[in-house]
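Residue strings, one per chain:
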Amino acid sequence: MEFCNINFNILKKNELFERKENETKCIATVNAQFIVLANTNKRYMDYINSNYSTFDGEVPLKEARKFDKAFIEAEKLPGSEIVYDFAQFAKENNLKTFYLGGYEDSNAEAVKVIREKYGVEIEGYSPKYEPYPFSENFLKECNRRIEAFKPDIIFVGFGAPKQEYYIEENKDSLNSLGVKYIIGSGGTFEFVSGKIKRSPKWVSKIGLEGFYRLLQEFNLNRIKRILYSFKFYKYINKKPDWKE
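Reading the values: rules and limits
- Residues numbered from 1 in each chain as written.
- Predicted model: local features only at pLDDT ≥ 70, side-chain atom pairs only at ≥ 80, totals over all residues.
- Heavy atoms only, no water.
- Helix = DSSP H or I, 4+ residues; strand = E, 2+ residues; numbered from the N terminus.
- Rg over C-alpha atoms; globule rule 2.2 N^0.38 Å.
- Buried < 20%, exposed > 50% of the residue type's maximum accessible area, 1.4 Å probe, protein only.
- Areas by Shrake-Rupley, 256 points an atom, 1.4 Å probe, with all protein chains shown as cover.
- Lys, Arg positive; Asp, Glu negative; His and termini not counted.
- Charge placed at Lys NZ, Arg CZ, Asp CG, Glu CD.
- Pairing = 2+ DSSP bridges.
- Axes fitted to C-alpha atoms, helices over the stretch in contact; angles between N-to-C directions.
- Contact = heavy atoms within 4.5 Å.
- Core = buried A, V, L, I, M, F, W, Y, C linked by side-chain atoms within 4.5 Å.
- Salt bridge = Lys/Arg side-chain N within 4 Å of Asp/Glu carboxyl O.
- Arc of directions from axis to C-beta.
- Polar contact = N/O pair within 3.5 Å; in protein donor to acceptor, adjacent residues only side chain to side chain.
- Patch = residues over 30% accessible without salt bridge, like charges linked within 9 Å, V, L, I, M, F, W, Y side chains within 5 Å.
- Expected span 1.5 Å × (residues − 1).
- Bend = angle between axes of the 7 residues up to and from the residue.

Caption draft 1: Molecular detail of the overall build of the protein chain. What the protein chain contains, in helices and strands, is eleven helices and eight strands. For the protein chain, whose C-alpha radius of gyration is 17 Å, the value lies close to the compact-globule estimate of 18 Å for 244 residues. Counting every position in the protein chain, which comprises 244 residues, the buried fraction comes to 50%. Of the accessible surface of the protein chain, which amounts to about 12,300 Å², a share of 51% is contributed by carbon and sulfur atoms. Between the mean site of the 39 positive side-chain charges and the mean site of the 35 negative ones, the protein chain shows a separation of 4 Å.

Written as structure tokens, this is what we have:
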């Protein structure tokens, strides 16, 4: 089902786990920022529309419901919530999970939290920050650690679009390892670790998660990100602004 030129094909929580045999299911949790980025970057749009996507953000979901009644029953499925659903799924199905990215302390603490809460096999690695495109050494070390652990589920927290580019470029090799699910997760590890507090449900319900996080991380980049996200309204009834 299409909204803002993006094909949202995971609308219910149970659909997260449905996959074809031998498929590495790649999931993007699409918020307003992702919508704008995809509509100005054809490669990013192609990645999202050739894989799986959920609604991550109350405001885009509310607008989608206005746009098409078929979205009325759709659920908001952000990375900061489905990370726990996948932990439970891993527990029930004896699957191994790997957290890649995020800040080093947040990654380590998030792994510890999930391991203690769910009793699952889980490891993580936070490489030193690099801009995209990643260096050969960066990729080699990330993939070496993944290959050694052989996870079934990987959350990649490099931020958009870097995490999706990493997934796109490494999907075939990860599929050959038997990875079943790869989820681009943004700042999820910071939430799981407790470094950043999740907004109260009432704040989330009215779509002010971004402003709540701004109060915890007040900086110019965070302000710019919020302003950038509002541009998604432009694409509700408009074709993409791709620069070929």
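Still more to cover.
Caption draft 2: Here's a closer look at the sheet that holds strand β7 (residues 153-157). Read across the open sheet, the six strands follow the order β4-β3-β8-β7-β5-β6; overall the sheet is parallel. At either margin of the open sheet sits one strand with a lone partner, and together these are β4 (52-55) and β6 (122-125). The sheet shows a mean angle of 20 degrees between the axes of neighbouring strands, taken without regard to direction. Relative to β7, strand β5 (residues 97-101) is paired through five bridges, and the arrangement is parallel. Residue pairing in the sheet places threonine 97 in a bridge with isoleucine 153 of β7. Its contacts with the sheet put helix α5 (residues 104-118) on β5 and β6, and the angle it makes with β6 is roughly 175 degrees.

Caption draft 3: Representation of the nonpolar core within the structure. If you look at the biggest cluster of nonpolar residues, it comprises 44 residues, and the most contacted ones within it are Phe3, Leu100 and Tyr166. Looking at this core, the elements with two or more residues in it are β3 (25-30), α1 (32-40), α2 (42-49), α3 (58-67), β5, α6 (136-149), β7 and α7 (162-176). No other element matches the six residues that α1 contributes to this core. Apart from residues no more than four positions distant in its own chain, phenylalanine 3 is found in contact with Phe8, Ile35, Phe55, Pro60, Glu63, Ala64, Phe67, Phe71, Phe232 and Ile236. Residues Leu77, Ala90, Ile114 and Val120 belong to the second largest nonpolar core, which totals 26 residues.

Caption draft 4: Structural context of the pattern of salt bridges. For the coordinates displayed, the defined rule picks out 18 salt bridges. Notably, a salt bridge pairs aspartate 85 with lysine 13, separated by 3.5 Å at the nearest N-O pair. One end of the pair, aspartate 85, is in helix α4 (residues 79-93); the other, lysine 13, is in the loop between β2 (6-7) and β3, and 72 residues separate them in sequence. Between arginine 115 and glutamate 123 there is a salt bridge, and its shortest N-O distance comes to 3.7 Å. With a relative accessible area of 35%, arginine 115 lands in the partly exposed category.

Caption draft 5: Up close: helix α11 (residues 220-229). Within α11, the full set of buried residues consists of Arg222, Ile226 and Ser229. The buried residues of α11 all sit within an arc of 65 degrees when viewed along its axis, so they share a single face. In α11, the exposed positions angled more than 90 degrees off the buried face are occupied by Leu220, Asn221 and Leu227. Residues of α11 that are buried make contact with α1 and α10 (209-216). Its side-chain oxygen at 3.2 Å from the backbone nitrogen of asparagine 221, asparagine 219 defines the N-terminal cap of α11.

Caption draft 6: Focus on the pairing of strand β8 (residues 181-184). Side chains Tyr181 and Ile183 project from β8 onto one buried face, and the interleaved Ile182 and Gly184 project onto a second face that is buried too. Relative to β8, β3 runs parallel, the two sharing four bridges. Residue pairing for β8: lysine 25 is matched across the bridge by tyrosine 181. Taken together, the four bridges between β7 and β8 define a ladder with parallel strand orientation.

Caption draft 7: Main features of a nonpolar patch on the surface. A cluster of nonpolar side chains, contributed by Trp202, Ile206, Leu208, Phe211, Leu227, Phe230 and Tyr233, occupies part of the molecular surface with about 730 Å² of accessible area. Examined against the element boundaries, isoleucine 206 turns out to sit in the loop between α9 (201-205) and α10. A relative accessible area of 44% means that isoleucine 206 is categorised as partly exposed.

Caption draft 8: α7, seen in detail. Its 15 residues place the ends of α7 22 Å apart at the C-alpha level, agreeing with the 21 Å of an ideal helix rising 1.5 Å per residue. The sharpest bend along α7 measures roughly 60 degrees and falls at asparagine 170. Looking at α7, one finds that the buried residues are Lys162, Gln163, Glu164, Tyr165, Tyr166, Ile167, Asn170 and Leu174. Following α7 by one or two positions, glycine 178 adopts a phi angle in the positive range, close to 95 degrees.

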